[in-house]
Amino acid sequence: FNIVGAEVQDDIDSSHVAKHILSKHYLGHLSYQYNINKDFTLSPYAVVRGSLNSDLFYEASVLATYQKMVWLGVGYRKSGAMALSLGGALYKNRITAHYTYEFGSTGMLGASSGSHEITLGYSINSKGVKKKNPSVDAEDNQPYYDWIDR
């Protein structure tokens, strides 16, 4: 559970002078990665947001990943919006591309054909720094799903 920043709100008093009021915002994020087998992982996500002056907002999604190279996801937001996404690693896992199509049945998304989002990413990794992999057993350096049935 995290407390995230503050939002400045304008409030004009009777003398027509703008006052700025800070409002605390709260953000909760929950995720987990299930290793289905050595090729597939499944990662559900849930996010809850709110502030003292607004309604609670939530969203949930699931991302399925194949060999850490290609992923497919679905998501839902409190507003009734749903999303489908597809992405993948392109060049030595340094460059990624991600496409999301979001559609809904209410509001602006209901009146339109949906929205499209394209994301390009570049991973900057320090040389010589080895990342820890929690799914590898330190003793025999085998992925856990290979030695679990021994």
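Above this text you will find the structure in question.
Residues numbered from 1 in each chain as written. Predicted model: local features only at pLDDT ≥ 70, side-chain atom pairs only at ≥ 80, totals over all residues. Heavy atoms only, no water.

Student: Sorry, what's going on with unusual backbone geometry here?
Tutor: Working note: non-glycine residues mostly have negative phi, and peptide bonds are mostly trans. Positive phi, close to 50 degrees, is recorded for Gln67, a residue that is not glycine. Mapped onto the secondary structure, Gln67 falls in the loop between strand S5 (57–66) and strand S6 (70–77). A relative accessible area of 40% places Gln67 in the partly exposed class. One non-glycine residue, Lys68, adopts positive backbone phi at about 55 degrees. Along the chain, the position of Lys68 falls in the loop between S5 and S6. (Helix = DSSP H or I, 4+ residues; strand = E, 2+ residues; numbered from the N terminus. Buried < 20%, exposed > 50% of the residue type's maximum accessible area, 1.4 Å probe, protein only.)

Student: Got a minute to help me understand the pattern of salt bridges in this structure?
Tutor: Taken as a whole, this structure holds two salt bridges when the rule is applied. Arg49 is paired through a salt bridge with Glu59; the nearest N and O atoms lie 2.8 Å apart. Placement of the pair is Arg49 in strand S4 (residues 40–51) and Glu59 in strand S5, with a sequence separation of ten residues. Across the pair Arg77 and Glu102 runs a salt bridge, and its minimum N-O distance is 3.3 Å. With Arg77 in strand S6 and Glu102 in strand S8 (residues 95–103), the pair connects residues that are 25 residues apart, well separated along the chain. When its relative accessible area of 15% is taken as the criterion, Glu102 is described as buried. (Salt bridge = Lys/Arg side-chain N within 4 Å of Asp/Glu carboxyl O.)

Student: Just checking my understanding: could you explain the packing of aromatic side chains for this structure?
Tutor: Centre distance and the angle of the planes are the two values used to describe a pair of aromatic rings. Applying the stated rule across the entire model yields three aromatic pairs. Ring centres of Tyr32 and Tyr34 lie 4.7 Å apart, and the angle between their planes is 65 degrees; this geometry places the pair in the edge-to-face category. For Tyr32, a relative accessible area of 52% corresponds to the exposed category. Since its relative accessible area comes to 44%, Tyr34 is described here as partly exposed. Judged by centre distance (5.6 Å) and plane angle (25 degrees), the rings of Tyr101 and Phe103 are stacked. The exposure class assigned to Tyr101 is partly exposed, which follows from its relative accessible area of 24%. For Phe103, a relative accessible area of 27% corresponds to the partly exposed category. (Phe/Tyr/Trp six-rings, centres within 6.5 Å; stacked < 30°, edge-to-face > 60°.)

Student: Is there a simple way to think about the side chain of Ser43 in this case?
Tutor: Relative to the helices and strands, Ser43 resides in strand S4. In this structure Ser43 touches Tyr32, Gln33, Ser61, Val62 and Leu63, once residues within four positions along its chain are discounted. (Contact = heavy atoms within 4.5 Å.)

Student: Help me understand the environment of Tyr76 in this model?
Tutor: Relative to the helices and strands, Tyr76 resides in strand S6. Placed 26 residues apart in sequence, Tyr76 and Glu102 show a C-alpha to C-alpha distance of 9.3 Å. With sequence-adjacent residues up to four places away left out, Tyr76 is seen in contact with Tyr58, Glu59, Ala60, Ala81 and Met82.

Student: I'm lost on the pairing of S5 in this one. Help?
Tutor: Remark: a regular strand shows side chains that alternate across the two faces of the sheet. Bridge analysis of S4 against S5 gives ten bridges, and the strand direction is antiparallel. Paired with Val47 across the bridge in S5 is Glu59. Of the strand pairs in this sheet, S5 and S6 are connected by eight bridges, and their pairing is antiparallel. Bridging from a neighbouring strand, Thr65 pairs with Trp71 of S6. A loop of three residues connects S5 with S6, the two strands running antiparallel in sequence, and Gln67 in this loop sits at a positive phi of about 50 degrees. (Pairing = 2+ DSSP bridges.)

Student: Please explain the environment of Ala46 as it appears in this structure.
Tutor: Here Ala46 lies in strand S4. In the structure, Ala46 is positioned 16 residues away from Leu30 in sequence and 5.2 Å away in space, judged by C-alpha atoms. With sequence-adjacent residues up to four places away left out, Ala46 is seen in contact with Gly28, His29, Leu30, Glu59 and Ala60.

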